[in-house]
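The chain contents come next:
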Amino acid sequence: MPEFSPLLKYAIANDTTYIQGTGNPTTLHPYFKDSTAIHFLKKQKNIALNVNNYISGKFGSGWAWEDFDASFSPERGGLPLYGNVLSIYKKGYLSTYPTYFNDSIRVTPYNFKRDLIKNIFYVNTNLIDTVTIPFKTSNKLIKDLLEKAINKKIIITDKKANTEKNTLYGVATDSIAKRMMHLSDNFLAEQLLVMASNTLSDTLSTNKAIKHILKTDLADIEQQPRWVDGSGLSRYNLFTPASFVKVLHKMYKEVPKKRLLKLFPAGGKSGTLKNWYKGNPTPYVYAKSGSLGNNYSLSGYLITKSGKTIIFSFMNNHFKAKTSDVKKQIQTVLELIRDTY
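Residues numbered from 1 in each chain as written. Predicted model: local features only at pLDDT ≥ 70, side-chain atom pairs only at ≥ 80, totals over all residues. Heavy atoms only, no water.

### Notes on the environment of K9
- For K9, the position within the fold is in strand β1 (residues 4-13).
- The exposure class assigned to K9 is buried, which follows from its relative accessible area of 13%.
- It is 14 Å that separates the C-alpha atoms of K9 and T27, two residues lying 18 residues apart in sequence.
- Discounting chain neighbours no more than four positions away, the residues touching K9 are Y18, I19, Q20, T22, K165, N166, T167, N198, S201 and D202.
- Polar contacts involving the side chain of K9 include one to the side chain of D202, which spans 2.9 Å. (Helix = DSSP H or I, 4+ residues; strand = E, 2+ residues; numbered from the N terminus. Buried < 20%, exposed > 50% of the residue type's maximum accessible area, 1.4 Å probe, protein only. Contact = heavy atoms within 4.5 Å. Polar contact = N/O pair within 3.5 Å; in protein donor to acceptor, adjacent residues only side chain to side chain.)

Written out as structure tokens, the structure reads:
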């Protein structure tokens, strides 16, 4: 990945700017709120949008269908806008981001959040915190949201300009990766995989990216994984601790240590590890956790008291105990390694 994340590919022919997405998730995202693409498009005379370069499904293989309105399961796409979620919050009155969906809100005492097949959203009458609900994406919706953001008409086309494409860049790629790692953000993980496929060709395909990585960067992994999505939401994924240690070792060799550790949550300090694996006084664990029902994994780097860096991977599955009990056992082992080596 380049230092700055690609936002759009574009080509200008006559008085028309042809654009297509790269999978970048930051445009108007509730956290990043990147408006680089919006400022660029406002300056163009005529805009033709190609949305057919994304060929993967909106959901990953094996995702649970009942999670369609869960905040952790936004739809994937080639040109995400607003993080593909509607944010609803209350400050005396209900407010929405984006405002495009203002007329699609229904107040209800029930807890379901969105209609299955339509962008009709339901908000509990006792709303206190901000609620994020995935919206149902479509080519028309992408067009409508962009048009409202730039206050200019856009046409959807399959036609491509007969000139070389340029790339518009946005926020630092590391800032997306760090946010994804620290919050365990499934949507950012999925879109980073889509962006990876953008480096291979104009066609955006998570399967293409996965196959390429397995044949190149991960070809030497002894226990070849079964890998189906970017976020790990699917139980079809089959990785072993040894596989993760191999990947982490490759990263350790290729990425400067200071930069690498910043991407990971630090034990007792940040992200999903803020309340666990605390150092005394400085962090000693930099790792990524993974949780599904009755499953908890933790993989990353451990800095021992002697200054050594240990790469580790724990996978705990099909347990009936509390996840906190599993974390306590892992913490005991990590502290022993920290103090011994």
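### Let's talk about helix α5 (residues 206-215)
- All of the buried residues along α5 are T206, A209, I210 and L214. All buried residues of α5 project into a common sector of 125° when viewed along the axis, lining one side. Facing away from the buried side of α5, by more than 90 degrees, are the exposed residues K211 and K215.
- Buried residues belonging to α5 abut α4 (186-198). (Arc of directions from axis to C-beta.)

### Notes on the pairing of strand β3 (residues 46-50)
- The buried count for β3 comes to four of five residues, which makes it a mostly enclosed element.
- Here strand β2 (residues 16-21) runs beside β3; their pairing, made up of five bridges, is parallel. The residue of β3 that forms the bridge with I19 is L49.
- Summarising the sheet, β3 and strand β9 (residues 155-156) pair through two bridges and their orientation is parallel. The residue of β9 that forms the bridge with L49 is I156. (Pairing = 2+ DSSP bridges.)

### Overview of the side chain of E190
- Within the fold, E190 resides in helix α4.
- Residue classification places E190 among the buried residues on the basis of a relative accessible area of 1%.
- Those residues in contact with E190, other than ones at most four positions away along the chain, are W63, R76, D229, G230 and S231.

### A look at the sheet that holds strand β13 (residues 309-317)
- In space, the three strands of this open sheet follow the order β11-β12-β13, with antiparallel pairing throughout. Looking at strand neighbours, the two that pair on one side only are β11 (285-292) and β13, the edges of this open sheet. Strand-to-strand twist across the sheet, computed as the mean angle between neighbouring axes with direction ignored, equals 5°.
- Those strands touched by helix α6 (residues 241-254) are β12 (295-303) and β13, and its axis lies near 150° from that of β13.
- Contacts from helix α8 (residues 323-340) reach β11, β12 and β13 within the one sheet, and its direction differs from that of β12 by about 20°. (Axes fitted to C-alpha atoms, helices over the stretch in contact; angles between N-to-C directions.)

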